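Survey of secondary and tertiary structure
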Amino acid sequence: MIYVTDLHKKLGEQQVLSGISLNITRGQTHVILGRSGCGKSVLLKHLVGLLQPDSGKIVIDGEDIANLRERQLGRIRKRVGILFQSGALFDSMSAAENIAFPLREAGIKDEEVIRQKVAEALEMVDLGGEQEKMPENLSGGMRKRLGLARTIVSRPACILYDEPTTGLDPIATDSINRLIRRLQKRLNATSVVVTHDMKTAFHTADRIAFLHEGRIYFDGTPKELLAAKDPILVDFIEGRSTESEE
Amino acid sequence: MLEFILHSVGSTVLRLLQYVGQLAFLARETAISIRVAPLRWGLLLRQLAEIGFRSQLVVVVTGAFTGAVFSAQTYFQFHRLGMDSAVGAVVAVSLFRELGPVLTALMLSGRVGASIAAEIGTMKVTEQIEALRALGVHPIDYLIVPRILALIISTPLLVAECIGLGIGAGYLVATQVLGVSKAYYLTNMLSFTTGRDIKMALIKGFAFAGLIGFIACEEGLKTSQGAAGVGRAPTQAVVIASLVILISNFFLSFLLNIFFPAGTY
Ligand SMILES: Nc1ncnc2c1ncn2[C@@H]1O[C@H](COP(=O)(O)OP(=O)(O)OP(=O)(O)O)[C@@H](O)[C@H]1O
Ligand SMILES: [Mg+2]
């Protein structure tokens, strides 16, 4: 579904991605792990053309999007949805209007249909009845879930989640994990999940990739990751910093 | 020393050219968008209300009081020469050719330019513009085109309003307060004001609308660095737009004077 080949990207003075190659299979959930600041969000933005690579290929459904123009990318973006790490809600629109936005853009005119789909999407992320709230009056976790609702409401074939469960309580985290699973099963959605959260990773993943120093350091099944002996991987999974004990 | 001066002059010119290039690029993208993307009427109407309708008070007050005080000052000077009856003509022609368009544009760059830059700047730093793109909506279609069109449609109308009120107020002050003869005031005003003056006012209005719009949008779109950046964007937009309006007005006056010469001959 998505093939990334030898992706390089420099931002400012910093070489953020230096040779990423990654294959994301249709209908599977691919988790991307990595330390904070290692370039996970940057990688994800490349997959919908929000950033253009310095070199390398990004092939989605057989089409190289690396050098497409902004207007040509519209087509791709109807199929690939992204949940931003910050939520990136439209702060001058209510919760319901935020979710309705992609529907209206898709050309749905019937207000009744929109209302129904909005309610359904809010229900899915446990925000039932919060239609009229403005984003600024929502908590951080609620905003994240609202962003998720906006991403999934138009049912894209592929969904990129940038830290969907960061900042959520354990119960909300579990319900989002299940939601990701459910979307994948029911809609046969392809998912890419960027996360720090091991629970989310192991709950949702078919495959797990580990991003380190601008490259894919590891790519395999959750079982293979658990069996790995590599100190960098083991430290990450067990949440150990390499500083010596005092 | 000389080298230093040359260097700083050179880099200023270079930055200026770069800025002009950025504006031209934005203008080109906007033109393409108007041509290929369906117009978003809802957004345009909202911007027309915001930019055009709600700017009226500012523009009307500016026009009226400028016309009034300008009429009075002209009278004080002309009275000594016994040319009271020419006041109307001077006030009207100045308002049409210079004061109306420039004052309207300056007020708009303060009221509208600042808010455009702040709004777009905030959307930029909070990733809302990226969110638009990610949802398959071109930010130029959604944010820039409605604002530019609204400015281009409403500015000439606001210029007309400003001039109208200015002339009205000038007339009242001259005839009611200072005792200039109504008939002479009107006759001279009408015989010295021509269609060319009106065209000049409208053309300047169009040009300034474009400048305000593109400068404000550009400043908004290139906002970075969080709250401090959002704070800088409107300031930059207002300062740059105001200076550009004043400077380009000078050249525009000379240029347009070739096509629409002043005077009745
Ligand atoms: N627009 C930018 N300009 C310059 N550098 C950037 C830009 N965006 C990101 N970076 C840098 O790229 C690196 C990767 O950033 P990114 O946001 O992808 O990290 P991340 O892996 O998502 O981290 P986190 O888990 O904390 O979200 C960081 O070091 C960051 O400083
Ligand atoms: Mg990130």
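These remarks concern the structure in this document. As the structure is a computational prediction, the values presented were derived from the model and not from experiment. (Residues numbered from 1 in each chain as written. Chains lettered and ligands numbered in written order. Predicted model: local features only at pLDDT ≥ 70, side-chain atom pairs only at ≥ 80, totals over all residues. Heavy atoms only, no water.)

So, the coordination of the magnesium ion (ligand 2)
Residues and elements named next belong to chain A. For the magnesium ion (ligand 2), every protein donor is listed as S41 (OG) and Q85 (OE1), and the spread of their distances is 1.9 to 2.2 Å. Of this pair, S41 sits in helix 1 (residues 40-47) while Q85 sits in the loop between strand 6 (80-83) and helix 3 (95-105); the two residues are 44 residues apart in sequence, bridging distant segments of the chain. A relative accessible area of 36% means that Q85 is categorised as partly exposed. (Donors = N, O, S within 2.8 Å, 3.2 Å for Na, K, Ca; no water. Helix = DSSP H or I, 4+ residues; strand = E, 2+ residues; numbered from the N terminus. Buried < 20%, exposed > 50% of the residue type's maximum accessible area, 1.4 Å probe, protein only.)

Things to note about the sheet that holds strand 7 (residues 158-162) of chain A
Residue and element names in this part refer to chain A. With respect to topology, six strands assemble into an open sheet ordered 6-7-8-3-9-10, the strand pairing being mixed. The open sheet terminates on both sides in strands that have one partner only, identified here as strand 6 and strand 10 (215-220). Strand-to-strand twist of the sheet, defined as the mean angle between neighbouring strand axes without regard to direction, takes the value 15°. Examined bridge by bridge, strand 3 (residues 29-34) and strand 9 (residues 207-212) share five bridges and lie parallel to one another. Counted as the bridge partner of V31 is I208 from strand 9. (Pairing = 2+ DSSP bridges. Axes fitted to C-alpha atoms, helices over the stretch in contact; angles between N-to-C directions.)

As for the side chain of D162 of chain A
Residue and element names in this part refer to chain A. By the secondary structure assignment, D162 is in strand 7. Put simply, D162 is tucked away with no salt bridge, and the nearest opposite charge, on K45, sits 6.5 Å away. Beyond its immediate sequence surroundings of up to four residues, D162 is in contact with S41, L44, L83, F84, Q85, K144 and V194. (Lys, Arg positive; Asp, Glu negative; His and termini not counted. Salt bridge = Lys/Arg side-chain N within 4 Å of Asp/Glu carboxyl O. Contact = heavy atoms within 4.5 Å.)

Comments concerning unusual backbone geometry
Residue and element names in this part refer to chain A. Residue D6 is not a glycine yet carries a positive backbone phi of 50°. Structurally, D6 is set in strand 1 (residues 2-11). With relative accessibility at 40%, the residue D6 sits in the partly exposed group.

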